Amino acid sequence: MTQKISNLLRIMLVAALFSGFVISCKDDSPNGAPADINEFKVAIPENVDLEKGGIITISQEGGKITTSDKIYLEHSGQLTLCNITEAGMDHFTFSVPDNIVTGTYRIHVGKDGKRTLLGTLKITIVARRIPIPDGATVYGIIETTDGKPVANVVVSDGENCTVSNADGIYGLASDKEQGYVFMSVPSGYEPETAGVFPKMYQRTALSKDVPENISFTLKKVEGQDNFKVLFFGTCILQTEVRISCSIRNSARM
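Rules behind the numbers
Residues numbered from 1 in each chain as written. Predicted model: local features only at pLDDT ≥ 70, side-chain atom pairs only at ≥ 80, totals over all residues. Heavy atoms only, no water. Helix = DSSP H or I, 4+ residues; strand = E, 2+ residues; numbered from the N terminus. Buried < 20%, exposed > 50% of the residue type's maximum accessible area, 1.4 Å probe, protein only. Contact = heavy atoms within 4.5 Å. Areas by Shrake-Rupley, 256 points an atom, 1.4 Å probe, with all protein chains shown as cover. Polar contact = N/O pair within 3.5 Å; in protein donor to acceptor, adjacent residues only side chain to side chain. Phe/Tyr/Trp six-rings, centres within 6.5 Å; stacked < 30°, edge-to-face > 60°. Lys NZ or Arg CZ within 6 Å of the ring centre and 35° of its normal. Salt bridge = Lys/Arg side-chain N within 4 Å of Asp/Glu carboxyl O. Pairing = 2+ DSSP bridges. Axes fitted to C-alpha atoms, helices over the stretch in contact; angles between N-to-C directions.

Some points on the overall build of the protein
Thinking step 1. If you tally the helices and strands in the protein, you get 1 helix and 19 strands.
Thinking step 2. Counting over 253 residues, the protein shows a buried share of 31%.
Thinking step 3. A fraction of 60% describes how many contacts in the protein between residues 6 or more apart in sequence connect residues 24 or more apart.
Thinking step 4. When the accessible surface of the protein is split by element, carbon and sulfur atoms take 54% of a total near 17100 Å².

In structure tokens:
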């Protein structure tokens, strides 16, 4: 009986030591218990148009986030480290690496050995910034792979339609009820592809009153206006057969 009690105490002691070790590791790690998010008074926009290698500026109050801290962008479970290049009492700025692609990211701040979630942000990687048309909640540019704008391309959200202007820019006053925007591919062009699927539509990701950039790229192709059409059909031949019957009645007297 004494041996059993001794073994039980031994197990409880090992478990307590292991638990304390795990908690200690968590507290020393950037992935540990987060700081109080309320201490970081930040205003994160829902989306930002960003050129590759650009910078993002976030408003803050009280200057809690400084240049000695780190910003992490989380997307699909992967973390990307960003350096804070400037910080003041009312804002901070961080540089975004070239490998960041268009998508919705969770923004964390690493401070004092702890990582705290600040909010989410949709980042749209663009070749260049474009003006937002008046009243548009969805806007973008239609251009070729070599950067030339394509005019008169029809764009729709499933309820409303518009066309791109001479600079390839379009704008839709969309409620985003359908959750996507698509273009009608004009003659002489082909859309880019993701595998075997044409990239001629994209899903919306932000609130209905927040403008978001949804742009498309087209490839110029030759010969689409010179083609032949072959028609195939089935011909059914019907034959009418008439059978004449002659009935003779013979009467014998």
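Observations regarding the environment of Arg128
Thinking step 1. As for its placement among the helices and strands, Arg128 is situated in the loop between strand S8 (114–125) and strand S9 (138–144).
Thinking step 2. Side chain to side chain, Arg128 and Glu143 meet in a polar contact 3.2 Å long.

Digging into the packing of aromatic side chains
Thinking step 1. Going through the model one piece at a time under the given rule, you end up with 2 aromatic pairs.
Thinking step 2. Considering the side-chain rings of Tyr180 and Phe182, the 6.1 Å spacing of their centres and the 35 degrees angle between planes classify their relative orientation as tilted.
Thinking step 3. Over the face of the ring belonging to Tyr189 we find Lys220, whose NZ or CZ atom lies 4.6 Å from the ring centre.

A word on unusual backbone geometry
Thinking step 1. For Asp112, which is not glycine, the phi dihedral falls at a positive 55 degrees.
Thinking step 2. Mapped onto the elements, Asp112 comes out in the loop between strand S7 (103–111) and S8.
Thinking step 3. Of note, the phi angle at Lys176 is positive, near 60 degrees, even though the residue is not glycine.
Thinking step 4. Take Lys176: its relative accessible area is 10%, and that puts it in the buried class.

A look at the side chain of Thr80
Thinking step 1. Mapped onto the elements, Thr80 comes out in strand S5 (residues 78–87).
Thinking step 2. Residue Thr80 is classed as buried on the basis of its relative accessible area, which comes to 17%.
Thinking step 3. Discounting chain neighbours no more than four positions away, the residues touching Thr80 are Ile71, Tyr72, Leu73, Pro97, Asn99 and Ile100.

Some remarks on the pattern of salt bridges
Thinking step 1. The full count for this structure, using the stated rule, is 5 salt bridges.
Thinking step 2. Glu212 is the salt-bridge partner of Lys122, the closest N and O atoms lying 2.8 Å from each other. Taken together, the positions of Lys122 in strand S8 and Glu212 in strand S18 (residues 212–213) put the pair 90 residues apart, joining distant regions of the chain. Note on accessibility: Lys122 and Glu212 belong to one class, buried.

Regarding the side chain of Gln60
Thinking step 1. Relative to the helices and strands, Gln60 resides in strand S3 (residues 55–61).
Thinking step 2. Here Ile65 takes part through its backbone oxygen, which lies 3.1 Å from a polar atom of the side chain of Gln60.
Thinking step 3. In terms of polar contacts, Gln60 uses its side chain to reach the backbone carbonyl oxygen of His91, at 3.3 Å.
Thinking step 4. Apart from the residues within four sequence positions on either side, Gln60 is in contact with Lys41, Val42, Ile65, Gly88, Met89, Asp90, His91 and Phe92.

Quick look at the sheet that holds strand S13 (residues 180–184)
Thinking step 1. Read from one edge to the other, the open sheet built from 4 strands follows the order S11-S10-S13-S17, with strand pairing classed as antiparallel. For this open sheet the edge positions go to strand S11 (161–163) and strand S17 (201–203), each flanked by a neighbour on one side alone. Each strand of the sheet is rotated relative to its neighbour by a mean of 20 degrees, with strand direction disregarded.
Thinking step 2. Relative to S17, S13 is paired through 3 bridges, and the arrangement is antiparallel. The residue of S17 that forms the bridge with Tyr180 is Arg203.

Things to note about the sheet that holds S3
Thinking step 1. Read across the open sheet, the 8 strands follow the order S1-S3-S6-S5-S4-S7-S8-S2; overall the sheet is mixed. Across the chains shown, the open sheet's two edge strands, defined by having one partner strand only, are strand S1 (41–43) and strand S2 (47–50). Sheet twist, expressed as the average angle between the axes of neighbouring strands with direction ignored, equals 40 degrees.
Thinking step 2. Where S1 meets S3, 3 bridges bridge the pair, whose relative direction is antiparallel. The residue of S3 that forms the bridge with Lys41 is Glu61.

Geometric descriptors of this kind do not, in isolation, establish any biological role.
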